[in-house]
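Examining the three-dimensional arrangement
Letter by letter, the chains look like this.
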Amino acid sequence: MSRQSASSLSNPASSVSDQHEAVLASAITLAARLAKTAVERDSTGGHAAEERAWIHESGLLTLSIPVEFGGQGAEWPLIFEVVRILATADSALAHVFAFHHLQLAGIQLYGNAQQQRSLLTASVEQPLFWGNALNPLDRRTTANKVEGGYSLNGIKSFSSGSVGADWLTISAWDAVTETALIAAIPANQQGISIQADWDAFGQKQTDSGNVHFDNVFLPSELVLQAPGQVPTAQATLRSQVAQLIMANLYLGIGQGAFDAARAYTRDQAKAWFAAGVDQATDDPYIQHRYGELWLLLRPAVAMADLAATELEKAFRQGPLVTAETRGRLAISVAEAKCLAHRAGLEISSQMFELTGARSTSARYGYDRYWRNVRVHTLHDPIDYKLRDLAVLRSMAACLNLLHIPEGQRQ
């Protein structure tokens, strides 16, 4: 055993700290690399094959894979911190990176022991880049039972990371049980066609086109959740991983916009003639506005970090996680996402009131912050989350007032 290994065993806290610092250093390096071409690539759109290769090279694709399968076994708070760092520079590639880890989370939450070992070990050894074709609201892909598995036909939309992916996690609607199956499948499986047709005005390089299935054979051993199988509380944690990914993408965009605006104000902005100061940074109105924006960002980050810690605890409970724990987590995640939603939109919009007309020049590409967060925040309406939070918090208050023990609450 090496001296370093012996030291890690005797001081686990030191080992965790070392991992944290090494991961963040890799993320910062990758973000700086992505930032150099982010404005140009945002303008052209398309598939960022070279930049995806950089993510491969960074070693960050194995972050969420458990150590027993060859991965780094990082905790969710660290993974989400990496997502935020990457999103400050390039929220589209941060999205692709984060959705890779969402698919890996799905394998851990849905898959049996053999499936986890096989798929996660392969993800490290080959290594694999995962994409998404699981959109549960799109039921156009159907699964028909055949000998040895299922035949898949149809289309899946909003398939983030699918272009250039090695494997996909998918869902397909089974007409017999009127439920969906969830599975993993190679992206190059015969009959699968992935269209690079994502044409939104933001998040242009998320590879979120349509995936077509034409008589695709899905072997039974790759079915992670069979049709008719009632999802467990553990399985439903996947949606909470996805929601926190979005929250941290919004926060990364907000932080990126804040930093870009502050740098422009400091280095290039001219003081308004009526301000009575020589430097824009000395303008009390500008100082006040930056303080207001900072107070949008900081609580949102704190809430996202708290929700990530709660997710980590629930995730590590495995099949023992309860519906009540999952429900409490969902409330925290919804709170974090709503705060992040507002912070990202407000900062990316108000930054122009602080930087002035010259900052709207296309060479800066500052509009990408607003466009990216605006597109992404439309994926599920914030008003429904606010409604749910109001209802759930009222219910929780009633239960506490009635002093109903947790085990008896229905």
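Anything mentioned here points back to the structure above.
Thresholds applied
Residues numbered from 1 in each chain as written. Predicted model: local features only at pLDDT ≥ 70, side-chain atom pairs only at ≥ 80, totals over all residues. Heavy atoms only, no water. Phe/Tyr/Trp six-rings, centres within 6.5 Å; stacked < 30°, edge-to-face > 60°. Helix = DSSP H or I, 4+ residues; strand = E, 2+ residues; numbered from the N terminus. Buried < 20%, exposed > 50% of the residue type's maximum accessible area, 1.4 Å probe, protein only. Contact = heavy atoms within 4.5 Å. Core = buried A, V, L, I, M, F, W, Y, C linked by side-chain atoms within 4.5 Å. Salt bridge = Lys/Arg side-chain N within 4 Å of Asp/Glu carboxyl O. Pairing = 2+ DSSP bridges. Polar contact = N/O pair within 3.5 Å; in protein donor to acceptor, adjacent residues only side chain to side chain. Axes fitted to C-alpha atoms, helices over the stretch in contact; angles between N-to-C directions. Parallel < 35°, antiparallel > 145°, perpendicular 65-115°, else oblique. Left-handed = near helix turned anticlockwise from the far one by under 90°. Nonpolar A, V, L, I, M, F, W, Y, C, P; charged D, E, K, R; others polar.

**With respect to the packing of aromatic side chains**
Taken as a whole, this structure holds eleven aromatic pairs when the rule is applied. Centroid distance W76 to F315: 5.5 Å. Interplanar angle 70°. Geometry classified as edge-to-face. With W76 in helix α5 (residues 76-89) and F315 in helix α9 (residues 284-316), the pair connects residues that are 239 residues apart, well separated along the chain. Across this residue pair, the class does not change: W76 and F315 are buried. Here F258 and W294 contribute two aromatic rings whose centre-to-centre distance is 5.3 Å and whose plane-to-plane angle is 45°, an arrangement assigned as tilted. Placement of the pair is F258 in helix α8 (residues 237-267) and W294 in helix α9, with a sequence separation of 36 residues.

**A look at the side chain of Q116**
For Q116, the position within the fold is in helix α7 (residues 113-125). Those residues in contact with Q116, other than ones at most four positions away along the chain, are F69, I107, Q108, G111 and T121.

**Brief notes about the nonpolar core**
With 80 residues, the main nonpolar core has F97 and L244 as its most contacted residues. Those elements that place two or more of their residues in this core are α2 (12-35), α4 (49-58), α5, α6 (91-110), α8, α9, α10 (323-355) and α11 (367-376). Residues within four places of F97 in sequence aside, it is in contact with I55, L60, L61, L63, V82, V83 and L86.

**A look at the pattern of salt bridges**
Summed over the entire model, instances satisfying the criterion amount to 16 salt bridges. The closest approach of N and O atoms between R33 and E57, which form a salt bridge, is 3.4 Å. Taken together, the residues R33 in helix α2 and E57 in helix α4 connect sequence positions 24 residues apart. In this structure, D207 and R52 form a salt bridge, with 2.8 Å as the shortest nitrogen-oxygen distance. Of this pair, D207 sits in the loop between β6 (192-194) and β7 (211-219) while R52 sits in helix α4, and the two are 155 residues apart along the sequence. The same class applies to D207 as to R52, namely buried. Bridged by salt links that share partners, the residues R41, E51 and D90 form one connected network.

**Regarding the pairing of strand β5 (residues 179-186)**
In terms of residue burial, β5 counts as a mostly covered element, since six of its eight residues are buried. Alignment of strand β4 (residues 167-174) against β5, held across eight bridges, turns out to be antiparallel. The partner of D174 across the bridge, within β5, is T179. Hairpin connection from β4 to β5: four residues lie between these consecutive antiparallel strands, with E178 at a positive phi of about 55°. Relative to strand β8 (residues 223-225), β5 is paired through two bridges, and the arrangement is antiparallel. Paired with A183 across the bridge in β8 is V223.

**Overview of the environment of H212**
When you line up the elements, H212 lands in strand β7. Note: C-alpha distance between H212 and L168 (44 residues apart in sequence) is 12 Å. Contacts of H212, omitting those with residues within four sequence positions, involve G154, I155, G191, I192, S193 and Q195. A polar side-chain atom of H212 sits 2.7 Å from a polar atom in the side chain of Q195.

**Quick notes on the packing of α8 against α11**
Between α8 and α11, the shortest axis-to-axis distance is 10 Å and the interhelical angle comes to 165°. It follows that α8 is roughly antiparallel to α11 by the angle criterion. Helix-helix and strand crossings are classified by hand; for α8 and α11 the assignment is left-handed. Together, M246, L249, Y250, I253, G256, A257 and A260 of α8 and Y369, N372, V373 and H376 of α11 make up the contact between the two elements. Class assignment for the residues of the contact of α8 with α11 results in eight nonpolar, three polar and no charged.

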